[in-house]
Every structure is written in C-alpha cells, then in structure tokens.
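If you want the building blocks of each chain, they are given just below.
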Amino acid sequence: MTTASAIESATATTPTDTAASARRRSAELEQQIREHPGRFRVMTGDRPTGPLHLGHYFGTLHNRVRLQDLGVDVFVIIADYQVLTDRDVADRLTEHMEAMLLDYLAIGIDPTRSTIFNHSAVPALNQLMLPFLSLVSVAELNRNPTVKDEIAHSRQSAVSGLMFTYPVHQAADILFCKGNLVPVGQDQLPHLEVTRTVARRFNERYGKVFPEPDALLSAAPLLLGTDGTKMSKSRGNSIALGATADETARLIRGAKTDADRHISYEPETRPGVSSLVLLAALCLDRDPHTVAEEIGDGGAAALKRTVTDAVNSRMEPIRARRAEYARDMAYVRSVLRAGNERANEIAEATLDEVRSVMGGVL
C-alpha cells in the first residue's frame, strides 16, 4: 500500500467527532477546567480582515476572558498571514491589527495572563507546516467540509494553495505551543480533526511530541446580521465593537424584522426578530423568551429600542476602556511585541524538539 493510500485508509476508519460526542466531551472538559485550569493551554484567534463585532464578542471573545480568568493559559493569534487565504492582498492590515488589539484589551484580555501575538512574527509556524503537510493527503484536504464552504464563499476567482492547506496551517498554529484545548463552533470541528490527525500521525511516525487537542464546543447561539443573514465582517451587516452609541442605534434601527407586530422568540420561523431578541437577552443576561414577552405587542420599534438600550449599556464600559487604550498606542504595540517574544521562544523550543525527533531534517 502506498503512503497516500495508507493515509486515506486510516482516515476512512477513523471517525470524526460528531456534534453530540463533542458536546459530551466539552461538558467533561468544563468540569476539568474548573478543577485543574493549569493543565490546559488554549489556542484561539482571529484574522485581521475587518472590525470585530458583537457576533465575535458573544461567540468567542468573552469566552476567552472567562477561560483566562479561570486560570487557563490562553494564546490568542492575530492570523495576519491567513488574510491571504481568500483574498489577493492584505488591505489595511496594520490598521485592522491595531483595532483588533484594542478590542482584545477592551474586552478584558490581560496580557500578563494571556499571550497575544501575530502569525507573521513567528517564522517557526511556517516551518512546522512543512512536515505537517507530509502527514495528510490531497484527498483528505479536498473533502474537508469547512474548506469546501470557505472555497465556495471565497472572494477569489481561483482557489489558492494557501486556502487548500488552511487546516494544516491551523494545525501548526495550534500545535506550536502544544495547545490542548481549542474553543470552536460546531462548523470548525472538521478543521480541529485535521489538527488531531496531524498530531497523532506525527507522534506515531517520529515520537511523542504533540498533544491531540480537544474541542471545547461553544454553546453560543448564532447572531444574525442586520440584514437577516449570518453576521460577518465581509457582508457589512455587523455591529462593530468599536461602534459608537449613535452608530449602534442607527444600525439596529435598520435591522430586518417582519410584519408581525407581536414580538416572540421563535428562531426557526422568525429569524430576524428572534436574533434581535437574543442580542438583547445576551446583553442583559436574561432569557430571550422573557425579553420577548415583555416587549409583547410593542412591535419592531419597541424591540429595536430595547435592543439598542441593552447593547449600548453592555458596551459602554468596553468602549470606555477601548478609548483609554487608544490614547496610548505605544503601550498597545508593546503588548504585541511582548506576546511575539514569548510565542517565538515557545515556537523555537518546539521546533528544536521536532528537529531532534526527525533527525535534523528541518
């Protein structure tokens, strides 16, 4: 059997995590985190392609702060190289990176307890990707459902090799620091399974170096954008964390609802209205059904006033911290430099270990 055939055969007999098993495992992990947070190292991050928004905040960002505050070692990557996966050039990269840093600090990511770094500052990440690529087949990459979806929504007329190998790129990002816990949404489980596969095959071939990271499945519900579709930086339908109170009010006033005056929380049949109700409920830390009942027959206008007040109240302290940090960009940039230094130290140590077990190949 050829190497490629063996890899494909192994993949065919290795089940991926189902959503149900991932949820069960995540519940177990939450208990372990509470009991022994120091055993875990989280790896997560974002691409600097535009402003972070409320979907990011309730989907992932506040969870990073929660894990940090529990005592987990959190690594946050600003994945600047990965901007090029679905676009020809990295427009306004420095601007987006600095805005992202401001958002991270404003929501409560503490650089004394978490490590914030950018991909391009850690060359060892790309060196690790080379041996990792030898551990997966073209067929495996081709049938990755997350890659298929990203290719379908790509801005490029032709798919680049970087997009195709994105899951392996991500594996290097996670494994360089020996991350053993990755907060993900259900749609990202196939990506993480590639990382687990890479770690397992590397360890079998060369010797035990990497953990097989677990998914910490996010329970965050989906927030829709103001146009009723998925909230996205690229679709212009999001409410940025850096938006002012007036900008936030304007965006919510323009949000899509429906013709039924009575407000209810029914995500399946009334997605636009329900997403707004949910947004208010998340900001208020309340049940969405209760929020909807209180608005009752007030209609879309009352709903949007409730959402606007809730969002602005929740975001007010974050905006204040963001403005304070923005007045000292020298400090903000020093946070990234310090994070890059720590990430490089760890990456070089991991790369030395990889060279050793591979017989000095790299």
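Everything that follows concerns the structure shown earlier in this document.
Residues numbered from 1 in each chain as written. Predicted model: local features only at pLDDT ≥ 70, side-chain atom pairs only at ≥ 80, totals over all residues. Heavy atoms only, no water.

1. Things to note about the packing of aromatic side chains
Remark: the centre distance and the inter-plane angle together describe each pair of aromatic rings, the angle taken between the planes.
Here comes step 1: Tallied over the full model, the rule gives nine aromatic pairs.
Here comes step 2: Considering the side-chain rings of Phe 75 and Phe 117, the 6.4 Å spacing of their centres and the 75° angle between planes classify their relative orientation as edge-to-face. One end of the pair, Phe 75, is in strand 2 (residues 73-78); the other, Phe 117, is in strand 3 (residues 114-118), with 42 residues separating them in the sequence.
Here comes step 3: Residue classification places Phe 117 among the buried residues on the basis of a relative accessible area of 0%.
Here comes step 4: When the centroid spacing of 6.2 Å and the interplanar angle of 80° are considered together, the rings of Phe 75 and Phe 176 count as edge-to-face. In this pair, Phe 75 is assigned in strand 2 and Phe 176 in the loop between helix 9 (166-175) and strand 4 (181-184), connecting sequence segments 101 residues apart.
Here comes step 5: Through a chain of ring-to-ring contacts, the aromatic side chains of Phe 132, Phe 202, Tyr 206 and Phe 210 assemble into a single cluster. (Phe/Tyr/Trp six-rings, centres within 6.5 Å; stacked < 30°, edge-to-face > 60°. Helix = DSSP H or I, 4+ residues; strand = E, 2+ residues; numbered from the N terminus. Buried < 20%, exposed > 50% of the residue type's maximum accessible area, 1.4 Å probe, protein only.)

2. Here's the deal with the environment of His 262
Here comes step 1: Residue placement: His 262 occurs in the loop between helix 11 (245-253) and helix 12 (271-284).
Here comes step 2: Taking the C-alpha atoms as reference, His 262 lies 21 Å from Leu 223; in sequence the two are 39 residues apart.
Here comes step 3: Contacts of His 262, omitting those with residues within four sequence positions, involve Arg 270, Gly 296 and Asp 297. (Contact = heavy atoms within 4.5 Å.)

3. A short note on the pairing of strand 4
Across a regular strand the side chains alternate sides, sitting on one face of the sheet and then on the other.
Here comes step 1: Residues Leu 181 and Pro 183 of strand 4 are buried on one face, and the alternating residues Val 182 and Val 184, pointing to the opposite face, are buried as well.
Here comes step 2: As paired strands, strand 4 and strand 5 (residues 214-217) are joined by four bridges and run parallel to one another. Paired with Val 182 across the two strands is Ala 215, which belongs to strand 5.
Here comes step 3: Considered for its hand, the β-α-β crossover made up of strand 4, helix 10 (residues 189-206) and strand 5 is right-handed. (Pairing = 2+ DSSP bridges. Right-handed = clockwise from strand over helix to strand, strands pointing away.)

4. Overview of helix 11
Here comes step 1: Among the residues of helix 11, Thr 248, Ala 249 and Ile 252 are the ones counted as buried. Each buried residue of helix 11 sits inside an arc of 100° when the element is viewed along its axis, so together they form one side. When the buried face of helix 11 is taken as reference, the exposed residues oriented beyond 90 degrees from it are Asp 246 and Arg 253.
Here comes step 2: Looking at the buried side of helix 11, the elements it contacts are helix 14 (299-326). (Arc of directions from axis to C-beta.)

5. Looking at the environment of Arg 253
Here comes step 1: The residue Arg 253 is located in helix 11 in this model.
Here comes step 2: Expressed as a C-alpha distance, the spacing of Arg 253 and Val 307, which sit 54 residues apart in the sequence, is 9.5 Å.

6. Focus: the pattern of salt bridges
Here comes step 1: By the definition in use, this model includes 22 salt bridges.
Here comes step 2: A salt bridge links Arg 25 to Asp 214; the nearest nitrogen and oxygen atoms lie 2.9 Å apart. In this pair, Arg 25 sits in helix 2 (residues 19-35) while Asp 214 sits in strand 5, placing the two residues 189 residues apart along the sequence.
Here comes step 3: A relative accessible area of 28% means that Arg 25 is categorised as partly exposed.
Here comes step 4: When the shortest N-O distance is used, the salt bridge between Arg 92 and Glu 95 registers 2.6 Å.
Here comes step 5: The network of salt bridges with shared partners includes Arg 25, Glu 28, Glu 193, Arg 196, Arg 200, Glu 212 and Asp 214. (Salt bridge = Lys/Arg side-chain N within 4 Å of Asp/Glu carboxyl O.)

7. Digging into the nonpolar core
Here comes step 1: With 57 residues, the main nonpolar core has Tyr 104 and Ile 116 as its most contacted residues.
Here comes step 2: The contact partners of Ile 116, leaving out residues within four places of it in the chain, are Val 76, Ile 78, Leu 101, Tyr 104, Ile 109, Val 335, Leu 336, Gly 339 and Asn 340.
Here comes step 3: By size, the runner-up hydrophobic cluster in this structure holds 39 residues, among which are Leu 135, Val 168, Leu 175 and Ala 199. (Core = buried A, V, L, I, M, F, W, Y, C linked by side-chain atoms within 4.5 Å.)

8. With respect to the packing of helix 3 (residues 54-70) against helix 14
Here comes step 1: As a packed pair, helix 3 and helix 14 sit with axes 13 Å apart at the nearest point and diverge in direction by 75°. The angle between the axes of helix 3 and helix 14 places the two elements in the roughly perpendicular class. Residue-level inspection shows Leu 54, Tyr 57 and Phe 58 of helix 3 in contact with helix 14, the latter providing Val 311, Arg 314, Met 315 and Ile 318.
Here comes step 2: Tallied by class, the residues present in the contact of helix 3 with helix 14 amount to six nonpolar, no polar and one charged. (Axes fitted to C-alpha atoms, helices over the stretch in contact; angles between N-to-C directions. Parallel < 35°, antiparallel > 145°, perpendicular 65-115°, else oblique. Nonpolar A, V, L, I, M, F, W, Y, C, P; charged D, E, K, R; others polar.)

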